Structure formats: structure tokens, C-alpha cells
Amino acid sequence: MSGYNNFHVTEDNQGVTTVSLDVPGRPMNVLTIEVLAELEQIVHDLENTNNVKLVLFQSEKESGFLSGADVESLQSFCSGAEAVRAIEAGQTLFQRIEWLPMPTVAVIHGPCLGGGLELALACDYRVARDNSSTKIGLPEIKLGLIPGWGGTQRLPKQVGLSNALSMILTGKHLSADQALQMGLVHRSISPEHWQLGVQQFVDDVLAGRIEDPQTRRPKWRRMMESTRLGQRMAFRLASESIARQSQHYPALAAAVKATRKGMDAGPGGFLCERDEFVDLLATPTCRHLLGIFLAQQKARKLATWAPDVGQVIHQTPIRRVAVIGAGAMGAGIGQLAAVRGYDVVLKEINEQAAQAGQRRIEKLVDDLAKRKNWGSKERSELMSRIAVDCDDQVLADCDLVIEAVVEQMEVKKSVFQMLEDITMPTSILTSNTSSLSVTEMACVTSRGSHVAGLHFFNPVHRMELVEVVRGEETDDETLARLVNFVKALGKTPVVTADSPGFLVNRVLFPYLGEAVRMVGEGGDVAEIDRQVRRFGMPMGPLELLDQVGIDVAYHVAHSLAETLPGVESVARTLSAMVDARQLGKKTQCGFYRYGRGKSRSVADLPLTTRARTSPNPSHFLDDSLTPIQRRLIYPMLAEAVRCHEQHVVDQPWAIDLAVVLGTGFAPHRGGPLHLIDTIGAKSVAANLAALHAHFGDRFSVPDELTEMSALGEAYFIPSERLPTQTTSS
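The text that follows walks through the structure, step by step, so that each part is easy to find. Keep in mind the model is a prediction, meaning the values are calculated, not measured. (Residues numbered from 1 in each chain as written. Predicted model: local features only at pLDDT ≥ 70, side-chain atom pairs only at ≥ 80, totals over all residues. Heavy atoms only, no water.)

## Re the side chain of Arg96
- Here Arg96 is to be found in helix α3 (residues 80-98).
- Here Glu40 takes part through its side chain, which lies 2.7 Å from a polar atom of the side chain of Arg96.
- For Arg96, the contacting residues outside a window of four places in its chain are Glu40, Val43, His44 and Glu47. (Helix = DSSP H or I, 4+ residues; strand = E, 2+ residues; numbered from the N terminus. Polar contact = N/O pair within 3.5 Å; in protein donor to acceptor, adjacent residues only side chain to side chain. Contact = heavy atoms within 4.5 Å.)

Below, the structure written as C-alpha cells:
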């Protein structure tokens, strides 16, 4: 067994064959057509040999086991029939692995996701390395799909129906220890004993000493899920949990259907899984979610933003990071950088503030340790990389400084003046500002080429996006180093021009401002939020304002006053709320009043009600939106067009990606520019014109949209569309 491009196959004197995967030219192993063809040949050889006692499937890449199928290949299918053939080929191949006459073991480290886990499930046994990089799961639901190579069929048999449905419907990842407790893997092995531990497991398999991992699950649950009544209860609970989202995400109901069919005897479950997968591949939701995934992969490539200066990241690496200000954002940024291996110093204005920052950091680390199930050793190692101080001199040897102080230009300028005198000439100076001019901050230094913005979003540990703001003098080398730093933090960078509000806040604020106006006109706070959630947003605009903070929103409004028409009235409303200390969740009162737990009620607001008639519905072309949704969403669409028109971000895919990641814009719709394509530029322009006639200049039609409407153009070419469905379930 030799001569493979993607595999290395060896045999030892115990009769153990090791099949090692190493896809050339890829940072992570993926299942391509070539990989599957070679694996099929290896399986064929194993089916026809008599001297192999056990087979190990493993990865030769330190980056991980197998991250699943090559997502880009999904967009290459020319027809539904071609997709059917690909799913059937994978199902058949994994079934042959399950039927191999000798024991098979999947040796898992790092990511084992999607098709990677489906391959592992086809093996008789699984072991996993117990460290933070190991992630085991079926994330297909996040792409608008379901597992297609047996995941919906084999996972319930391994971990139980309720656990399997939870994993499939959420796409969540398990650590090695979590997978062990669930019965998904047979053994979790510490990194220190990894090689010896795998060899011991092989010896135990050959000697017949392996216990059934399902015994780790509670006996009552195993007994319950073995009955028809228990299974019906599990499916009912799963169906109830997805009821609200199924309209926008059809993969949820498809996953339940395929899993339910798999509980019956015979091949019907695999056929159902195949048909549901192929049908989902043709849906707009899948097309949009796949587009977001591929855009995210593109944004994380340095060559996308700095194609000619890649070597600089190796010549002048960032190792030591300083954060000015240890408030909620500063502490979050500092903790994240430390988790990713950077030495971090948090600088505060005085000893009292430094002590408060130290407590904030300790709480963040404690919360992380609980989520990761860390012991005292891991917690201590992380804390050892973070220092909190009030002495300016701790900044002297930092490669990167991130200013995260109050959102006031004069304060930020004073910080940059101090940094100019203390830091090394080669140090990069950045601001975490959400809307202020980075170029203006750079004016107080003599190193404009080394000044930029790094706009993180709150909460730092959850939000995927970081806007890398290029000032007028920021050079390519600085940009490359910052993009690489953001990528190293595990975040997604999008480079923007230095324009008020940059991209995300500029697109977001017209939507938030319109919601504030609607409340001022007597609109129902709860109904406004409810309508937007039905559109597909994770929360409504007024809920979001409470989450962000009314004071933060006021500062953004103030900075955008010269860019967006009509912002002054919204700023006055927000200012009145700030004066009344209705700052949102941080003061337990904003648009809502918050009680214990999740309880809340609409608050009394310091607003002047100005009743206003609504536009006549007959004035609008069909766009599938309600009047409330249209009035709130169209300002985002128009501003996204203007950001493209004015080169805040040049690429339409990057605008949509940033708005989805930064605002939660309904992912199944693909982003604001994709939504314009879906509705049609002509209809959007006509509806904006009708809103403009009723509400004024803030709904004016962008020139670019007018031109696209006249020419029948779209932002994204039709070839992005995936094959139409050819199967029926």
C-alpha cells in the first residue's frame, strides 16, 4: 500500500496498519475528491488482506485530525444528480470502513469535524488527545446543511438520541473529556502520555480489554432512549426547540427528519439523509451561509488585505502587547491576547484603577477556566502572562499598543502623545475606537505610518469580527502585522478606510436610530424588537441598544452627525436617556427595565411622543418584509451601498461578512448586499424612494443603487448559486 499523494500507510510487527492523512498544500486536512479516491483504494486493499490485525486512522499534521469535506467543492456541483453521487460515494465508503473485518481506531487530535467525525464514527474505536485544540463535532448546520455521510445515523447509536440531536442541531464542539463522558470516544489521553497512551489502547484492543463507552451515560437515560416513548419525547423536545428558527433555517427540521428515519431498521435513514442534504444544498439559506463561511476564510488570509508584504510578519513579529485601559473592553482584549500566547500588560491611570482592572481580569480568567474546565495549573499559566500596572514605563518594550480608553478624541490624543514618548519607534500604536478618526489621533505622533485602528466588538471573547482601520498614513507593513495579529487571536479581520463609524457602526446606526425614532413616535418597544427577530436578527434594535449601552450609542451618534442625515434628533433622545441614567443593562434600565435573571419589562422613557402616519402599503413593491421590518432594514441596505460606493470597504463580500459578524444581520439572508440582490436592485430603489417621499432625506436612494437598478445589475454573480434540487424526500 504505497504511492499515495495524501496518505502514508505503514505496517508494524504487531500486525497494525497505520493510515496517516496529510493533504499537501493545506494547513488542515480536508476530504477532497482525490483524498476520498485514495481512501477508497486503501479500504479496498484492507478488505482483501488477511494479515492485518488492526487499523489506525490518524493525521500526520500537528494542526489536527480532519476538518471535514472541502467546503469549496460544494459550490462546484453542476447538478443535484452530481451532489447525490458525491453523498452516496461517501456513505458507501464509510460503510465499507465500518464493515472492515479487523478492528479500526480513529486517533483524534485537534479538529475532528463534519466528515472527519463521520469517518471516526465509522471506526470501531476512537481515542482523543485531551488538550484545548481538540474539537469534535458536526458543524454542518451552521452551513445550512446536515451531516451527509452517516452522521445523523451513527451518532445517536454512539452517544444517545438526545445528545446526538443536541450536537447536530447546534453544531457545537466537544472537548476530548466531554466526548469521553458522552461515550463518543473510548479514551481521552493527556498530551504528556499521548504516544504511549495510543500504544496502550492498541494493546488493549488486541487483548479485548476495551469497555463500552456508553456505560458512561446515565443508565436511566439509556433505558429511556431505547424505548419508543423515550424516542418520541426526545424528538418532540427537539422539534419544539427549533420551531422558531426552522422557517429561516430548513436544515434544522431536515436534521430531525433524517435522525428520526435512522431509528428505523434498514437503509431508509441513509437515503433520507442523502435526499435532505441534496435538497438543502439548493436552498438560498445554504447558499448564503456557505458564502459567509468562504468569505470568512478569505478574510483570514493575509494575501487578501496585504498581498505584497507577507514576509514582514516573520521579520518583525508581535510578541508583547499593551492595552491602555483595563475597563470591560480593555480587559477583554488583554485576556484574549494572553489566551493566544502573547505577553500582555494592562496600563491604568492610577493604583486604584489598576487594582480594579486586576479584579476584572481575574474574574474573566475565572469565568474562562470554568467554561474550559481548567485546573489551577492552566489558570496560573494564563495569569502569569498578564500584568496590570499604572507605571508608564511598562509600555517601553511593547511591540503593539491598543488604546481602549473613553471615547473622547482629546483623551485619546493625550494617550497617543504619551505613547509617542515612551514606546519604541517600531511599536505599532492602535485605537479601539468605534467611530473616531484614527488619522486625527496619528497627527499628535511622528509615526503616522505605524498608527491604525483595531475595533473590537463587545463582548470580546464572543464577537468574531475586528475592524482593522487604515489611517491616511498607515503603511502596508503595519497593516499586514495587524491583520496577522487579529488572525492569531482567532478573530476575522476586515480592513476599512478611516471614515466616521468605519463600516459596521455606520451601517448599524441608521437602523438603530430609526428604531429610536419609531419609539418616539409612539411605537411599541416590544413589537419593534419582535418584528426584527422574525426577520432573522438574534435580537431587536432596542434590545441591542440596551446591550451595547445607551451612552456608547450616544457617542457613536455624535461622531456620525456630519455623515448621516437626521442623526441629531436621535442623539438628543439618547442624550435624554443618558441624563436620566437609563444606560441599558449596565444600569438595569434602558428601553427595558431589567430584573433578576432574564425578567424584564418596557421602561418609562424620557421621550416626547410624536405620532406620525405610516406610508401607504400600496406604494411599495413586494419585498416580503412587513412595514416595520422595511422601515428598519432599508436604512442598513442603503448605508451598505454607500460604504461600497465611497470605498470604505471595496469588496461587496467583505461588507456583507462584516455586517453579519459585527451586527448579527440575519445570516440566512447573506448580508445587506445579498439581500438587495434577492429583492432586486430595482425594487429596493423604488421602495427607498417611497420611504424617502414620506420620511425625508435619511431614506435617499444611493447613486450606485439607482445605476444598478437602471442597468439590471447585481452585486454577486449568478454562478454563486448552487444546483437546484432533483430529489424528493
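## Here's the deal with the nonpolar core
- Of all hydrophobic cores here, the largest spans 204 residues; its most connected members are Ile97, Leu184, Leu454, Phe456 and Phe665.
- Take this core: its biggest share by element is 10 residues, from helix α22 (residues 504-520).
- Setting aside residues no more than four positions away along its own chain, Phe456 makes contact with Met329, Ile333, Leu336, Ile402, Asn432, Val466 and Leu489.
- Counting 21 residues, the second largest nonpolar core, distinct from the first, contains Val345, Val415, Ile422 and Leu429. (Core = buried A, V, L, I, M, F, W, Y, C linked by side-chain atoms within 4.5 Å. Buried < 20%, exposed > 50% of the residue type's maximum accessible area, 1.4 Å probe, protein only.)

## Considerations on the pattern of salt bridges
- Taken as a whole and assessed by the stated rule, the structure comprises 35 salt bridges.
- Where Arg600 meets Glu543, a salt bridge forms, and the shortest distance between an N and an O atom there is 2.7 Å. Of the two residues, Arg600 sits in strand β19 (residues 600-602) while Glu543 sits in helix α24 (residues 541-548), which places them 57 residues apart along the sequence.
- Residue Arg600 is classed as partly exposed on the basis of its relative accessible area, which comes to 37%. (Salt bridge = Lys/Arg side-chain N within 4 Å of Asp/Glu carboxyl O.)

## Considerations on a nonpolar patch on the surface
- On the surface, Trp220, Met224, Leu229 and Met233 cluster together to form a nonpolar patch covering roughly 420 Å² of accessible area.
- Elements with a minimum of two residues in the nonpolar patch: α9 (219-225) and α10 (228-242).
- Within the fold, Met233 resides in helix α10. (Patch = residues over 30% accessible without salt bridge, like charges linked within 9 Å, V, L, I, M, F, W, Y side chains within 5 Å. Areas by Shrake-Rupley, 256 points an atom, 1.4 Å probe, with all protein chains shown as cover.)

## A short note on a positive patch on the surface
- A surface patch of like charges, here positive, comprises Lys135, Arg340, Arg371, Lys372 and Arg462.
- Looking at the secondary structure, you find Lys135 in strand β7 (residues 135-137).
- Residue Lys135 is classed as partly exposed on the basis of its relative accessible area of 33%. (Lys, Arg positive; Asp, Glu negative; His and termini not counted. Charge placed at Lys NZ, Arg CZ, Asp CG, Glu CD.)

## Regarding helix α27 (residues 627-645)
- Over its 19 residues, α27 extends 27 Å from the first C-alpha to the last, a length consistent with the 27 Å expected when each residue adds 1.5 Å.
- Ile633 marks the point of greatest bend in α27, at about 30 degrees, and the proline Pro635 comes within the next four residues.
- Burial analysis of α27 places 16 of its 19 residues in the buried class, which makes it a mostly covered element.
- Positive phi shows up at His647, right after α27, with a value of about 60 degrees. (Expected span 1.5 Å × (residues − 1). Bend = angle between axes of the 7 residues up to and from the residue.)

## Brief notes about the sheet that holds strand β2 (residues 16-21)
- Pairing within the open sheet is mixed, and its six strands lie in the order β1-β2-β3-β4-β6-β9. The two strands at the open ends of the sheet, each matched to only one other strand, are β1 (7-11) and β9 (187-189). Each strand of the sheet is rotated relative to its neighbour by a mean of 20 degrees, with strand direction disregarded.
- By the bridge criterion, six bridges tie β2 to strand β3 (residues 54-59) in an arrangement that is parallel. Note on β3: the bridge partner recorded for Thr18 is Leu56. (Pairing = 2+ DSSP bridges. Axes fitted to C-alpha atoms, helices over the stretch in contact; angles between N-to-C directions.)

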